[in-house]
Amino acid sequence: RGFTTAIGFGFGLWQSLENGRHTAYFLPTNAMSTAVLKARFQPAINDEVLETSPKVNVQRGIVETGRGRMLWLGLETVRNVIQWPFDLNIYDEVDDLHQDNLLIARQRLDASKYAHEVAFACGRYPGAGIHGRYLLGDQRRWVVTCQSCRHEQILEDHFPENVRRIKGRWRIVCVKCGKPVRV
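Attention shifts here to the pattern of salt bridges. Throughout the structure, instances matching the rule amount to 5 salt bridges. Ionic pairing is found between Arg-140 and Asp-138, a salt bridge with its closest N-O pair at 2.7 Å. Residues Asp-157 and Arg-141 are paired through a salt bridge, measuring 2.2 Å at the closest nitrogen-oxygen approach. Of the two residues, Asp-157 sits in the loop between β8 (152-154) and β9 (163-166) while Arg-141 sits in the loop between α4 (129-136) and β7 (143-145), which places them 16 residues apart along the sequence. One salt-bridge network, in which partners are shared between bridges, spans Glu-93, Asp-96 and Arg-124.

Quick look at the structure:
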């Protein structure tokens, strides 16, 4: 599963279901938001076993979980940003988001004690977008030690060569010994 499914859908839905947090899932346009909600989010959650089934309203762009909600919004207009306060903002395709509206979206977290953001994209603009965020950050890289051979590695440096199908499941494996790595 990719970042959109695992981090965008999974983390956002978990925050709403388990912690009662209100999540905003921002994409560049309303059309993209509706399409991703309908064509990717719904099938992804239908494949999972959930104790509580969220109610998905594609026309309104709302996923109700009983405790929290997840709103799917395009950042093409400021009206989509100022409707609700949020606890978690997820920015998908951050390189293509309207940057002025993105700044206003960040302000919708001001009333939340949690106030977290997650942003991801396929970087296309050196020095801007997701790459610009990386440059402004501490630029840490995650070193993972293989539990089998103790080899230290940075997993993304070896992707996709370090992914293999083992007993019918896709696993991340050590580049030195080939055994599955727990992350």
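Read on, since the account is not over.
Let's shift gears to helix α3 (residues 99-107). Taken as a whole, α3 has its buried residues at Asn-101, Leu-102 and Ala-105. One side of α3 carries all its buried residues, which in axial view fall inside an arc of 105°. In α3, the exposed residues that point more than 90 degrees away from the buried face are Asp-100 and Leu-103. Turning to α3, the residues buried within the fold contact β1 (23-27), β5 (88-92) and α4.

By the bridge criterion, 5 bridges tie β5 to strand β6 (residues 116-120) in an arrangement that is parallel. Bridged to Leu-88 within β6 is His-116. In this fold, the crossover linking β5 to β6 by way of α3 has right-handed handedness.

Another point: the pairing of strand β4 (residues 69-74). By the criterion of burial, β4 is predominantly enclosed, with 6 of the 6 residues buried. On β4, burial covers both faces: Arg-69, Leu-71 and Leu-73 on one face and Met-70, Trp-72 and Gly-74 on the other are all buried. With 5 bridges connecting them, β1 and β4 associate as parallel partners. Within the sheet, the bridge partner assigned to Ala-24 lies in β4 and is Leu-71. Relative to β4, strand β3 (residues 62-64) runs antiparallel, the two sharing 3 bridges. When the sheet's bridge partners are listed, Val-63 is paired in β4 with Met-70. The loop that links β3 with its antiparallel partner β4 comprises 4 residues; one of these, Gly-66, has a positive phi angle of about 100°.

Right, let's get into the side chain of Asn-101. In this structure, Asn-101 sits in helix α3. Beyond its immediate stretch of four places on either side in the chain, Asn-101 contacts Leu-75, Glu-76, Thr-77, Val-78 and Val-81.

For the structure shown, the criterion picks out 8 aromatic pairs. Relative to Phe-41, the ring of Phe-9 lies with its centre 5.4 Å away and its plane at 90°, an arrangement referred to as edge-to-face. In this pair, Phe-9 is assigned in helix α1 (residues 3-19) and Phe-41 in helix α2 (residues 30-46), connecting sequence segments 32 residues apart. Pairing Phe-26 with Phe-86 gives two aromatic rings, centres 6.2 Å apart and planes at 85°, and the pair type is edge-to-face. On the criterion of sequence distance, the pair formed by Phe-26 in strand β1 and Phe-86 in the loop between β4 and β5 is long-range, its members being 60 residues apart. No difference in accessibility class separates Phe-26 from Phe-86, as the two residues are buried. Taken together, the ring pairs in this structure connect Phe-9, Tyr-25, Phe-41 and Trp-72 into an aromatic cluster. Of note, Arg-21 hangs over the ring of Tyr-114, and the distance from its end group to the ring centre comes to 3.7 Å.

Quick notes on the rules
Residues numbered from 1 in each chain as written. Predicted model: local features only at pLDDT ≥ 70, side-chain atom pairs only at ≥ 80, totals over all residues. Heavy atoms only, no water. Salt bridge = Lys/Arg side-chain N within 4 Å of Asp/Glu carboxyl O. Helix = DSSP H or I, 4+ residues; strand = E, 2+ residues; numbered from the N terminus. Buried < 20%, exposed > 50% of the residue type's maximum accessible area, 1.4 Å probe, protein only. Arc of directions from axis to C-beta. Contact = heavy atoms within 4.5 Å. Pairing = 2+ DSSP bridges. Right-handed = clockwise from strand over helix to strand, strands pointing away. Phe/Tyr/Trp six-rings, centres within 6.5 Å; stacked < 30°, edge-to-face > 60°. Lys NZ or Arg CZ within 6 Å of the ring centre and 35° of its normal.

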